[in-house]
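Listed below are the residues making up each chain.
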Amino acid sequence: MAKKFLSGNEAFAEGIRLARPKVISAYPITPQTIVVERLSEMVEDGSLKAEYVHVESEHSALSCAIGASAAGARAFTATSSQGLLYMAECLYYAAGGRFPIVMMNADRSTALPWNIYGDQRDSLSQLDSGWIQAYAENAQEALDLALMSYKIAENKDVSTPYMANLDGFVLTHTYETVDIPDREQADRFLPPYETDNRIDFNNPKNMAFSAGPDTNYVFKFREHQGVLAARDVIRKTEKEFADVFGRMYSGLVENYRTEDADYILITLGSIAGLCRETADKLRENGIKAGVVRIRYMRPFPNEEIAQALKNAKAYGVLEKDISFGNEGTVFTNVNSALKKAGAAINGYDFIGGLGGRNISAGDIEDIYNGIINGTENVNFIGIRGDGNG
Amino acid sequence: MANKTAESISREEFFYGHKACAGCGGSLAVRAALKVLGPRAVSVLPAGCMSAVGFNFPQLCFSNNSIISTFAGTASMLTGVEAGLRAKGYKDFTAVGFAGDGGTADIGIQALSGAIDRNDNVIYICYDNEAYMNTGIQKSGLTPFGAKTTTTPAGHNIHGNIRPKKNMFEIAAAHDIPYAATASIGYLPDFIEKVRKASRIQGTKYIHVIAPCPTGWGIAPDQTIEIAKEVVDSGLWYLAEYQDGQFTLNHKPKEFTDVSAYLKKQGRFKHLTDEDIKVITDSRDKKWEFINKNFQL
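Model, not experiment: these values are computed from the prediction.

The rules behind these values
- Residues numbered from 1 in each chain as written.
- Chains lettered and ligands numbered in written order.
- Predicted model: local features only at pLDDT ≥ 70, side-chain atom pairs only at ≥ 80, totals over all residues.
- Helix = DSSP H or I, 4+ residues; strand = E, 2+ residues; numbered from the N terminus.
- Rg over C-alpha atoms; globule rule 2.2 N^0.38 Å.
- Buried ≥ 20, exposed ≤ 12 C-beta atoms within 10 Å, placed from the backbone.
- Contact = placed C-beta atoms within 7 Å.
- Pairing = 2+ DSSP bridges.
- Domains from an automatic or database assignment.
- Nonpolar A, V, L, I, M, F, W, Y, C, P; charged D, E, K, R; others polar.
- Right-handed = clockwise from strand over helix to strand, strands pointing away.
- Core = buried A, V, L, I, M, F, W, Y, C linked by C-beta atoms within 7 Å.
- Axes fitted to C-alpha atoms, helices over the stretch in contact; angles between N-to-C directions.
- Parallel < 35°, antiparallel > 145°, perpendicular 65-115°, else oblique.
- Left-handed = near helix turned anticlockwise from the far one by under 90°.

**Student:** Please explain the overall build of chain A as it appears in this structure.
**Tutor:** Check the secondary structure of chain A and you find 13 helices and 17 strands. For chain A, whose C-alpha radius of gyration is 21 Å, the value lies close to the compact-globule estimate of 21 Å for 389 residues. Taking the principal axes of its C-alpha atoms as reference, chain A extends roughly 65 × 55 × 45 Å. Burial analysis of chain A (389 residues in total) assigns 54% to the buried set. When contacts within chain A are restricted to residue pairs at least 6 apart in sequence, those whose partners lie at least 24 apart make up 80%.

**Student:** Sorry, what's going on with the overall build of chain B here?
**Tutor:** Assigned secondary structure in chain B consists of 11 helices and 10 strands. The C-alpha atoms of chain B give a radius of gyration of 18 Å, which matches the 19 Å a tight globule of 297 residues would have. Taken along its principal axes, the extent of the C-alpha atoms in chain B is 60 × 45 × 40 Å. Residues classed as buried in chain B amount to 55% of the 297 residues present. Sequence-distant contacts in chain B: of pairs separated by 6 or more residues, those separated by 24 or more amount to 69%.

**Student:** What is the right way to read the sheet that holds strand S3 (residues 59–60) of chain B from this model?
**Tutor:** Either a parallel or an antiparallel arrangement is found when strands of a sheet pair, and the pairing is made through backbone hydrogen bonds. Spatial strand order, S10(A)-S2(B)-S3(B): three strands in an open sheet with mixed pairing. Each edge of the open sheet carries a strand with a single partner, namely strand S10 (210–211) of chain A together with S3 of chain B. Inspection of the sheet shows strand S2 (residues 55–57) of chain B paired to S3 of chain B by two bridges, in the antiparallel sense. Looking at the pairing, Asn56 of chain B lines up with Gln59 of chain B of S3 of chain B.

**Student:** Help me understand the interface of chain A and chain B in this model?
**Tutor:** Note: interface size is frequently given as the accessible area lost on complex formation between the parts. Counting residues at the interface gives 37 residues for chain A, matched by 34 residues for chain B. Sorting the residues of the side of chain A that touches chain B by element identifies strand S2 (23–26), strand S3 (51–54), helix H3 (58–70), helix H5 (88–96), strand S9 (206–207) and S10 of chain A as the ones contributing at least two each. Of the residues forming the side of chain A that touches chain B, the biggest block, nine residues, is contributed by H3 of chain A.

**Student:** What is the right way to read helix H9 (residues 224–233) of chain B from this model?
**Tutor:** Given 3.6 residues per helical turn, the α-helix brings residues three or four places apart onto the same face. Residue and element names in this part refer to chain B. Of all 10 residues in H9, seven are buried, a share of seventy percent or more. Of all the positions in H9, only Thr224, Ile227, Ala228, Glu230, Val231, Val232 and Asp233 are classed as buried. Check the buried side of H9 and you find it contacts helix H1 (25–37), strand S7 (179–184), strand S8 (205–210), helix H8 (214–217) and helix H10 (259–264). Of the residues flanking the end of H9, it is Gly235, one or two places downstream, whose phi is positive at about 85°.

**Student:** I keep staring at the pairing of strand S5 (residues 102–107) of chain A and nothing clicks. Help me out?
**Tutor:** Along a regular strand, successive side chains alternate from one face of the sheet to the other. All names here are of chain A. Where burial is concerned, most of S5 is hidden: six out of the six residues are buried. Residues Val102, Met104 and Ala106 line one face of S5 and the alternating positions Met103, Asn105 and Asp107 line the opposite face, and both faces are buried. Sheet analysis places strand S4 (residues 75–79) next to S5, joined by four bridges and oriented parallel. The residue of S5 that forms the bridge with Ala78 is Met104. Alignment of S5 against strand S7 (residues 162–167), held across six bridges, turns out to be parallel.

**Student:** Hey, could you run me through the domain arrangement of chain A in this one?
**Tutor:** Residue and element names in this part refer to chain A. Each assigned domain of chain A is listed with its residue range as follows: domain 1 (2–245) and domain 2 (253–380). Each of domain 1 and domain 2 has a C-alpha centre, and the two are 27 Å apart. On the side of domain 2, 20 residues touch domain 1, which itself brings 25 residues to the contact. At the level of secondary structure, the elements contributing two or more residues to the side of domain 1 that touches domain 2 comprise helix H6 (121–124), strand S6 (132–135) and helix H9 (213–245). Grouping the constituent residues of the side of domain 1 that touches domain 2 by class yields 14 nonpolar, five polar and six charged.

**Student:** Looking at this model, I keep getting lost on the pairing of strand S15 (residues 314–319) of chain A. Mind explaining?
**Tutor:** Residues and elements named next belong to chain A. A large share of S15 lies buried, amounting to five of its six residues. For strand S12 (residues 263–268) and S15, the ladder comprises four bridges, and the chain directions are parallel. Residue pairing in the sheet places Ile266 in a bridge with Val317 of S15. Viewed along the sheet, the connection from S15 through helix H12 (residues 329–340) into strand S16 (residues 346–351) turns out right-handed.

**Student:** What is the right way to look at the nonpolar core in this model?
**Tutor:** Within soluble globular proteins, side chains that are nonpolar generally end up buried alongside one another. Core analysis: the largest hydrophobic core is formed by 215 residues, its most contacted members being Ile264 of chain A together with Ala29, Ile125 and Val209 of chain B. Counting residues per element, this core draws most heavily on helix H7 (residues 139–153) of chain A, at 10 residues. Composition of this core by domain shows at least three residues from each of domain 1 (2–245) and domain 2 (253–380) of chain A. Residues in contact with Ala29 of chain B, not counting those within four places in the same chain, are Ile125, Tyr127, Ile185, Phe191, Val209 and Ala211 of chain B.

**Student:** What should I look at first to understand the packing of H3 of chain A against helix H3 (residues 74–87) of chain B in this one?
**Tutor:** Packed helices, taken two at a time, are described by the angle between their axes plus the distance between the axes. Between H3 of chain A and H3 of chain B, the least distance of the axes is 6 Å, while the angle of their chain directions is 40°. In terms of orientation, H3 of chain A lies oblique with respect to H3 of chain B. Helix-helix and strand crossings are classified by hand; for H3 of chain A and H3 of chain B the assignment is right-handed. Here Ser60, Ser63, Cys64, Ala65, Ile66, Gly67, Ala68 and Ala70 of chain A of H3 of chain A lie close against H3 of chain B, whose contacting residues are Ser76, Met77, Leu78, Thr79, Gly80, Val81, Ala83 and Gly84 of chain B.

**Student:** Help me out: how do you make sense of the sheet that holds S7 of chain A in this one?
**Tutor:** Residues and elements named next belong to chain A. Reading across from one edge, S3-S2-S4-S5-S7-S6-S14 is the order of the seven strands in this open sheet, with mixed pairing throughout. With one partner strand each, in any of the chains shown, S3 and strand S14 (296–298) form the two edges of the open sheet. Each neighbouring strand pair of the sheet contributes to a mean axis angle of 20°, computed without reference to strand direction.

Below you can see the structure in the form of structure tokens.
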């Protein structure tokens, strides 16, 4: 185990090096570029033995990765924002074909207006594409997700592509000290990719076929079962990861002081740290505050959220997303989880950080005040009345 | 032109039992090419006629490894398949794409350009039936001047398609591709030999084969081959190659057959006026001026 001072992008690239993909196809887009630059350097210096394909677009990046995965090769790509939207057709294609490709997405705002900074509207718009979606909080978790991702995605019961999301700039470009696992340990943890879902000269296949109304929905049902199966496989993989590397993760969510909390803020990504600090501060003033950080949006942690909130008086969701004309998508998902569990607690949605706008500790205190005292169902934090912000 | 007889290609079938229309030129091109490339060919076909007629679970009609790509993704998936198989240690296989005219010259041209630019070791075959036939005969970038399609109706004001075909052969050549060729299923031995030649060249290979569609062209199913010959004999298409920076003409008709006769056999051109036919003939003559000047014989 070596320690290095790395950005989120660089940490993710280190994790991918340890995962030994055979084909990398990627197209540059801010703020993802560093991860593909590092990977191309690793291919150049021989520390990563992979085919690096310089595709001419994000659509081709994922289309190429699907072809490579169909050949039985472990494949990697990375993108962000407009690039994710440009390749959207291929997201559904990879998932429907059950190709366990891993992609890093640097979460970034989507045009218009143009903006290169972080929010999560890009990846959250693709929740229905059939991919597992993880959200990292820090560079260490980013590296560890990179290594765990293939083990989860390639599990035979799962066979589902995996999108690891890192908040643009806030995480992709921020440096911290990261533990880098040993090569031997990584190889012990993650064996080479073996699958029957591949081109086979001894048993030729017609792959990525059409299926009519009579069979199509059976394939879609199985696809759904595959993503659901990831719930157990994620926990099992994290246990194996802890056994080898000594770092334990907490499954689909990470709870902070939720056991006795009256007021819980649910969020995802790199803002969670500031939420925890704010909860600590409120507890010093006698307010029992807690935080749930969603680590996986798909499969969605329905039971985990209901369990964490079962004694809470009220909750809020802080998300960098809005489904225009309704509410934030995370809020919708959380409400569904609680409804299914029969929980009747007041909840409020807080939209913030769009286009990289700063969310301050004061903002989060205001959010908790809103949860405690009640507020609008959907709130754009920092915007009052006339909408001029 | 290559001297190739039907007896000398494999009797083994790799694409059969499919639901293509009677007289389909595209399916003939795919069938013949796979006979040349054999069981170690991995075919990539985008959403389009060939995938629609051959890839309906559980009736799957390729006996070699085959996969459907996204419409725009023939070339990029080919790249991935080739890179993936090579990275897995496979040797002696051929990654071959079969895309129609729309899938090649319109929605797939960016991915194709990328593959040629990278010089990926793949064969890309465009079977050109001159419109979006799978969706019901809409104009593509390779629909010829004057052709009536369902989106270029022939009326009083406009006589079908108002633009000439994109020149995909020379677009591919302009990338300085290792090998590019034109062909027609009316000259099948020439096409077969070009596929064989392509399979022995390292890097990207592009073959553009005219493959008439009786349904879309308004001809009888048994006229496919005849019309595919006549498009060459009338000089409206030509058999050529590009290799080592040099264009070569493979077949020079002594004199062209009547353009008007070729056009009037087809429902899609029935409405053309003498004036329209003169535009087509003049454009043919201009093209041949260029060919005679720039192509080796």
